[in-house]
Amino acid sequence: EPEVTQTPSHQVTQMGQEVILRCVPISNHLYFYWYRQILGQKVEFLVSFYNNEISEKSEIFDDQFSVERPDGSNFTLKIRSTKLEDSAMYFCASRRESSGANVLTFGAGSRLTVL
Amino acid sequence: AQSVTQLDSQVPVFEEAPVELRCNYSSSVSVYLFWYVQYPNQGLQLLLKYLSGSTLVESINGFEAEFNKSQTSFHLRKPSVHISDTAEYFCAVSDQQGAQKLVFGQGTRLTINP
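Fair warning: this is a prediction, and the values are worked out from it, not measured in the lab. (Residues numbered from 1 in each chain as written. Chains lettered and ligands numbered in written order. Predicted model: local features only at pLDDT ≥ 70, side-chain atom pairs only at ≥ 80, totals over all residues. Heavy atoms only, no water.)

Enquirer: Tell me what's going on with the sheet that holds strand β1 (residues 5-7) of chain A, and back it up with residues and numbers.
Expert: Residues and elements named next belong to chain A. Taken in spatial order, the 4 strands make up an open sheet running β1-β3-β8-β7, and their pairing is antiparallel. Two strands close off the open sheet at either side, each with one partner strand: β1 and β7 (65-68). Neighbour-to-neighbour, the strand axes of the sheet open up by a mean angle of 15°, direction not taken into account. Relative to strand β8 (residues 75-79), strand β3 (residues 19-24) runs antiparallel, the two sharing 5 bridges. Bridging from a neighbouring strand, Arg-22 pairs with Thr-76 of β8. (Pairing = 2+ DSSP bridges. Helix = DSSP H or I, 4+ residues; strand = E, 2+ residues; numbered from the N terminus. Axes fitted to C-alpha atoms, helices over the stretch in contact; angles between N-to-C directions.)

Structure representation (structure tokens):
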């Protein structure tokens with residue numbers, strides 16, 4: 001069964017450093033998403049991406065965050081200058097566009113720890 | 001804007017007992033409804049979904065959920081739980097149009113005791 005692949009599985013960084021989280025969505029999927037889950041809290045939407053541009057973003061997704069699809073396969077989330085409160089599990093998801101409903105498939109997540 | 005409320009943050013039950021995890025949602029438009037499961041130290045896996053048609057939907061491992069439009073609910077049930085069902089369960093909704101992003105509830109931690 002096709003999978004969404006995320007790397008790294010765990011990253012530890014110092015506050016103020018830049019972090020890039022990588023995702024390889026399912027190959028025929030066209031919508032891409034990033035979510036985050038702070039420890040013990042609910043899963044929160046960050047951003048959706050379609051046709052090489054952001055289609056929707058949440059209030060969390062401020063200027064410190066950016067996404068891109070640099071090579072047609074990877075989908076990356078960059079945090080420019082990490083803060084302690086960025087420590088969370090980050091989930092990538094993808095969805096195949098269709099005229100009807102279809103379902104998001106999630107990756108296993110990347111745990112980010114900011115010290 | 002949509003919101004999802006899971007009324008119970010933790011539900012402890014004994015093995016082979018029935019369980020119901022409650023989910024209510026709020027939305028001004030028609031939605032799709034989902035339950036995702038997160039086993040310890042793992043990612044989110046789709047458990048079941050309601051898109052259209054029959055309001056009762058089932059998963060392959062014995063869970064079922066019923067969409068109740070008048071009560072804006074999508075409660076998850078299983079008649080007899082197993083130790084392996086121990087996990088966090090998230091209810092979620094999405095628009096039927098556009099990006100169809102998921103809005104999640106707070107999650108319910110289901111703990112099965114022997």
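Having seen the model, we can carry on.
Enquirer: So what about the interface of chain A and chain B? Which residues, and what values?
Expert: If you look at the interface, chain A gives 20 residues, while chain B gives 19 residues. Between chain A and chain B lies a buried interface of about 1600 Å² when both sides are counted; carbon and sulfur atoms form 61% of it. Where chain A packs against chain B, one counts 1 salt bridge. A salt bridge links Glu56(A) to Lys101(B); its shortest N-O distance comes to 2.7 Å. Taken together, chain A and chain B are joined by 4 residue pairs in polar contact (both at pLDDT 80 or more). The set of elements that each furnish at least two residues to the side of chain A that touches chain B consists of β4 (31-37), β5 (43-50), β6 (53-57) and β9 (88-95) of chain A. With 4 residues, the top contributor of residues to the side of chain A that touches chain B is β4(A). Grouping the constituent residues of the side of chain A that touches chain B by class yields 11 nonpolar, 6 polar and 3 charged. (Contact = heavy atoms within 4.5 Å. Buried area = accessible area lost by both parts, 1.4 Å probe. Salt bridge = Lys/Arg side-chain N within 4 Å of Asp/Glu carboxyl O. Polar contact = N/O pair within 3.5 Å; in protein donor to acceptor, adjacent residues only side chain to side chain. Nonpolar A, V, L, I, M, F, W, Y, C, P; charged D, E, K, R; others polar.)

Enquirer: How would you explain the side chain of Asp8(B) if you had to name every residue and give the values?
Expert: All names here are of chain B. Take Asp-8: it is sitting in the loop between β1 (3-5) and β2 (10-14). One polar contact links Asp-8 to Arg-22, side chain to side chain, over a distance of 3.0 Å. Excluding its chain neighbours within four sequence positions, the residues that come into contact with Asp-8 are Arg-22, Gly-107 and Thr-108.

Enquirer: Any details on the pairing of β5(A)? Residues and values, ideally.
Expert: All names here are of chain A. With respect to burial, β5 is a largely interior element, 6 of its 8 residues being buried. Counting the residues that bridge the hairpin from β4 to β5 gives 5 residues, and of these Gly-40 lies at a positive phi of roughly 80°. Pairing geometry for β5 and β6, over 4 bridges, is antiparallel. Counterpart to Ser-48 in the pairing with β6 is Glu-56. (Buried < 20%, exposed > 50% of the residue type's maximum accessible area, 1.4 Å probe, protein only.)

Enquirer: Any chance you could break down the packing of aromatic side chains for me, citing the residues and the numbers?
Expert: Counted according to the given criterion, the structure contains 19 aromatic pairs over all chains. Members of the aromatic cluster, each reached through a chain of ring pairs, are Tyr31(A), Tyr33(A), Tyr35(A), Phe45(A), Tyr50(A), Phe91(A), Phe106(A), Phe34(B), Tyr36(B), Phe90(B) and Phe104(B). Seen from the ring of Tyr31(A), Arg95(A) lies directly overhead, with NZ or CZ sitting 4.1 Å from the centre. The positively charged end of Lys101(B) is found above the aromatic ring belonging to Phe45(A), 5.5 Å away from the centroid. (Phe/Tyr/Trp six-rings, centres within 6.5 Å; stacked < 30°, edge-to-face > 60°. Lys NZ or Arg CZ within 6 Å of the ring centre and 35° of its normal.)

Enquirer: Lay out unusual backbone geometry in plain terms, naming residues and giving numbers.
Expert: Residue and element names in this part refer to chain A. A cis amide bond links Thr-7 to the next residue, Pro-8, at an omega of -10°. Residue position: Pro-8 is located in the loop between β1 and β2 (10-13). Notably, Asn-52 is not glycine yet its phi reads approximately 65°, a positive angle. Mapped onto the secondary structure, Asn-52 falls in the loop between β5 and β6.

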